[in-house]
Amino acid sequence: TGLNNLAWLLDEQAKYDEAMPLYERAIEIGEKTLGPNHPQVAASLNNLAGLLENQGKYDEAKPLYERAIEIGEKTLGPNHPDLAVWLNNLAVLLEKQ
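All of the points below concern the structure found in this document. This is a predicted model, so every value here is computed, not measured.

Relative to the helices and strands, Ala-7 is located in helix H1 (residues 2-12). Given the relative accessible area of 0%, Ala-7 is considered buried. Along the chain, Ala-7 and Glu-18 lie 11 residues apart, while their C-alpha atoms are 7.5 Å from each other. Those residues within four positions of Ala-7 in sequence are excluded, and the remaining contacts are Ala-19, Leu-22 and Tyr-23.

Given below as structure tokens:
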């Protein structure tokens, strides 16, 4: 969570080159310690997708949003607010394409 939060802060400052490896490391650690289908992993995937979207890398962002959504649907349920945010993020991305 700390890595993800620091990455988010750097992302908000448009320091994408610094934020990306932190998001990637947060995902890696989360997958190893919590499992690949944990909601925290999904949150990190969503955040990395947002960073890629901010850089105009839509084709790289889309599968990350989709994986976050898939994890959220399985673990959080169809009415969870985090899932709604992730679905909205994917919809915004698709609008841009």
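Next comes the rest of the description.
This next bit is on the environment of Leu-93. Summarising the element assignment, Leu-93 is placed in helix H5 (residues 81-96). Of the residues examined, Leu-93 reaches a relative accessible area of 0% and is grouped as buried. Separated by 39 residues in the primary sequence, Leu-93 and Asn-54 have C-alpha atoms spaced 9.8 Å apart. Leaving out residues up to four positions away in the same chain, Leu-93 has contacts with Glu-53, Tyr-58, Ala-61, Lys-62 and Tyr-65.

Thresholds applied
- Residues numbered from 1 in each chain as written.
- Predicted model: local features only at pLDDT ≥ 70, side-chain atom pairs only at ≥ 80, totals over all residues.
- Heavy atoms only, no water.
- Helix = DSSP H or I, 4+ residues; strand = E, 2+ residues; numbered from the N terminus.
- Buried < 20%, exposed > 50% of the residue type's maximum accessible area, 1.4 Å probe, protein only.
- Contact = heavy atoms within 4.5 Å.

Keep in mind these values describe shape, not function.
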